Each structure stands twice: as C-alpha cells, then as structure tokens.
Amino acid sequence: MFNGKDLSNWTIKIRGFPLGENAFNTFRVSDGILQARYDEYTEFKERFGHIFYNGGPFSHYKIQVEYRFVGEQVKGGPAWALRNNGIMYHTQDPKTMAVEQDFPGSMEYQLLGGNGKDARTTGNLCTPGTHVVFNGKFTEDHIINSSSDTFHGDQWVTAELIVHGSEKAEHFINGKKVLEYTGLQWDDRTPNGSGFIALQAESHPTDFRKVRLLNLEGCMDKKAKNYKSYFVKDNHKACQY
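Description of the structure in this document. (Residues numbered from 1 in each chain as written. Predicted model: local features only at pLDDT ≥ 70, side-chain atom pairs only at ≥ 80, totals over all residues. Heavy atoms only, no water.)

1. With respect to empty space enclosed by the protein
- Going through the model one piece at a time under the given rule, you end up with one cavity of 30 Å³ or more.
- As for the largest cavity, its lining consists of Tyr-67, Arg-68, Phe-69, Leu-112, Gly-113, Phe-151, Gly-153, Gln-155 and Val-157.
- Within the lining of the largest cavity, the residues separate by chemical class into five nonpolar, three polar and one charged. (1 Å grid on protein atoms, 1.4 Å probe; cavity = no way out; pocket = protein on both sides within 12 Å on 5 of 7 lines; lining within 4 Å. Points joined across faces, edges and corners; volume = space filled by probe spheres on them. Nonpolar A, V, L, I, M, F, W, Y, C, P; charged D, E, K, R; others polar.)

2. Some remarks on the sheet that holds strand β6 (residues 84-91)
- The strand order across the open sheet built from seven strands is β1-β4-β15-β6-β7-β8-β11, with neighbouring strands paired in antiparallel fashion. Of all the strands in the sheet, the pair left with one neighbour each is β1 (10-14) and β11 (143-144). (Pairing = 2+ DSSP bridges. Helix = DSSP H or I, 4+ residues; strand = E, 2+ residues; numbered from the N terminus.)

3. Here we look at the state of the cysteines
- Per the counting criterion, the structure on display carries one disulfide.
- Between the sulfur atoms of Cys-219 and its disulfide partner Cys-239 the distance amounts to 2.0 Å. Handedness of the Cys-219-Cys-239 disulfide follows from its S-S torsion of about 95°: it is right-handed. Of the two residues, Cys-219 sits in the loop between β17 (217-218) and β18 (233-234) while Cys-239 sits in the segment after β18, which places them 20 residues apart along the sequence. (Disulfide = S-S within 2.5 Å.)

4. Looking at the pattern of salt bridges
- Taken as a whole and assessed by the stated rule, the structure comprises nine salt bridges.
- With a shortest N-O distance of 3.0 Å, Arg-28 and Asp-39 are connected by a salt bridge. One end of the pair, Arg-28, is in strand β2 (residues 27-30); the other, Asp-39, is in the loop between β3 (33-36) and β4 (49-53), and eleven residues separate them in sequence.
- With its nearest N and O atoms 3.1 Å apart, the salt bridge here joins Asp-154 to Arg-83. Of this pair, Asp-154 sits in the loop between β11 and β12 (157-164) while Arg-83 sits in the loop between β5 (60-69) and β6, and the two are 71 residues apart along the sequence.
- Arg-83 gets classed as buried once you look at its relative accessible area, which sits at 12%.
- Salt bridges sharing partners connect three or more residues here, namely Arg-37, Arg-68 and Asp-207. (Salt bridge = Lys/Arg side-chain N within 4 Å of Asp/Glu carboxyl O. Buried < 20%, exposed > 50% of the residue type's maximum accessible area, 1.4 Å probe, protein only.)

5. Points about the packing of aromatic side chains
- Under the counting rule described, the total for this entry stands at 13 aromatic pairs.
- Each ring, one from Tyr-41 and one from Phe-44, has its centre 6.3 Å from the other, and the planes form 25°; the classification is stacked. The same class applies to Tyr-41 and to Phe-44, which are both buried.
- Between Tyr-67 and Phe-69 the ring centres are 5.8 Å apart and the planes differ by 75°, which places this aromatic pair in the edge-to-face class.
- One aromatic cluster is present, formed by Phe-17, Phe-24, Tyr-38, Tyr-41, Phe-44, Phe-48, Trp-80 and Phe-103 through successive ring pairs. (Phe/Tyr/Trp six-rings, centres within 6.5 Å; stacked < 30°, edge-to-face > 60°.)

6. Some words on the pairing of strand β9 (residues 130-134)
- Within β9, four of the five residues are buried, leaving the element largely enclosed by the surrounding structure.
- Relative to strand β14 (residues 176-186), β9 is paired through three bridges, and the arrangement is antiparallel. Looking at the pairing, His-131 lines up with Gln-185 of β14.
- Judged from the three bridges that link them, β9 and strand β10 (residues 137-139) form a sheet pairing that is antiparallel.

7. Observations regarding the sheet that holds β3
- Taken in spatial order, the nine strands of this open sheet run β2-β3-β16-β5-β12-β13-β14-β9-β10, and their pairing is antiparallel. Of all strands in the sheet, those bounded by a partner on one side alone are β2 and β10. When the angles between neighbouring strand axes are averaged without regard to direction, this sheet yields 30°.
- Sheet topology places β5 next to strand β16 (residues 206-215); nine bridges connect them, and they run antiparallel. Across the sheet, Val-65 pairs through a bridge with Val-211, a residue of β16. (Axes fitted to C-alpha atoms, helices over the stretch in contact; angles between N-to-C directions.)

8. Comments concerning the layout of surface pockets
- Roughly 180 Å³ of internal volume is contained in the largest pocket.
- Lining the largest pocket are Trp-80, Asn-84, Phe-103, Glu-108, Gln-110, Leu-112, Arg-120, Cys-126, Pro-128, His-142, Ile-143 and Glu-202.
- Examining the composition of the lining of the largest pocket, we find that three residues originate from one element, strand β7 (residues 107-112), more than from any other.

All quantities given are derived from atomic positions and should not be read as evidence of function.
Shown next as structure tokens:
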C-alpha cells in the first residue's frame with residue numbers, strides 16, 4: 001500500500017479542510033517512512049487527520065503495519081490522544097465525509113504507545129459509528145482492550161489485522177493474537193462487511209515504516225491463471241483463463 005517514496009496511492013482528509021488537502025503538511029514521506037507530523041501547527045484545534053488508501057473497497061483481507069510513536073504531542077492535543085493512532089478499516093467512502101467530520105464511520109484497530117511507566121495495551125478496538133459482538137455478546141462499548149504488552153518509547157511495533165467481511169476480525173501484535181470479535185456492524189445494526197482503509201493523525205507524531213495489504217478475495221477456481229490458494233472469498237468475475 002505504501003511504496004516508500006510518496007503518497008501517490010493515498011488521499012488525505014483533515015478536519016476542517018476539503019478532501020485531498022494536506023493541511024499543514026500533516027502527512028509526508030521522509031527516508032522511506034510515511035510520517036504524521038505537526039511542526040507546522042501552532043495548536044492542534046481538533047484537526048484530526050486521516051490518510052485513505054486509494055484502493056478498495058475491500059471486504060476480506062490481511063493488513064500489516066509497522067509503526068512507532070516519536071517526539072512530543074502537539075500543543076492542544078487531547079490527553080487521550082497521547083501516543084495514539086489507528087488503522088481505520090471498513091470505513092465509509094472518504095468522499096462522503098463532511099468537511100467538519102472528525103472521524104470516518106469505521107472499525108478502528110487502535111495503536112497506542114506507553115507513557116513510560118503505566119500498562120497500556122495496543123491493538124485495541126474502537127468503534128466510531130459501529131458495533132461488534134465480543135465474547136458472544138453484542139456490545140455498545142466504544143473501546144475493547146486487547147491482551148497485548150505495553151510498548152514504551154520509540155520502538156517499532158508490528159500490527160496485523162485479519163478481517164473476513166462482517167463475520168470476524170482478529171488483531172495481532174508482533175505475531176501474537178491479542179483480540180478477536182465477530183458481528184461487525186453499523187450503529188443501525190446493518191452488517192459492516194467492507195469499506196476503505198485509512199491511517200490516522202490524532203496529534204502525536206507517528207512513523208509508518210511498512211503498510212501492506214493481502215487481499216483475501218479473488219478467483220478460487222483452480223483452473224484459472226490467477227487462482228490463489230490463500231483466497232477465502234470467491235470473486236468468479238475476476239477469474240482469468
């Protein structure tokens with residue numbers, strides 16, 4: 001998804017600005033790293049940002065992101081956003097976001113860094129405009145914590161997500177499964193089975209070294225040239241013979 005060179009495969013949305021405007025140079029690429037930065041801000045003023053991958057929508061896939069938090073939070077950033085970022089998935093179409101909208105309707109694989117002393121899990125779930133079934137029960141909890149370790153400082157962490165439409169999602173941190181839930185749905189209880197993918201800018205500088213996606217939907221006919229054994233959802237129209 002990230003080519004290590006530029007943001008040509010991505011579209012930016014900053015709260016208070018139209019889709020496609022990279023206000024204050026929030027998202028940039030330096031030394032092969034996709035960065036969220038705030039050195040051109042005087043104050044945050046709830047200008048939450050998202051950078052959407054131009055591909056999609058996707059329904060069944062695996063995402064792998066290598067991330068780290070660096071530096072200090074920008075002035076005016078909310079306390080909860082300290083060392084806080086996220087992988088927004090199954091999101092609404094970014095073209096449908098209002099100019100003043102803070103977060104897209106989506107499922108959020110939350111990325112958190114430690115404060116240097118307290119336990120703070122990463123790989124959690126947040127639900128802006130959505131709900132899930134957790135441990136077999138429907139829940140309206142906005143945050144469901146994972147069982148991950150805490151990662152203090154500026155160390156790189158590998159986050160992985162495997163999602164099967166609206167049926168099930170699994171979170172992994174450094175190869176360890178830390179959370180699982182089912183029944184992905186919108187607030188109106190309709191299934192949330194596909195959508196777009198974005199990374200966040202929530203007021204703390206963040207680096208993304210790798211952002212990769214493996215589409216698990218495709219031609220499952222073994223006679224086709226583009227058959228892949230790892231596909232879990234068939235798209236016969238994609239078959240090539």
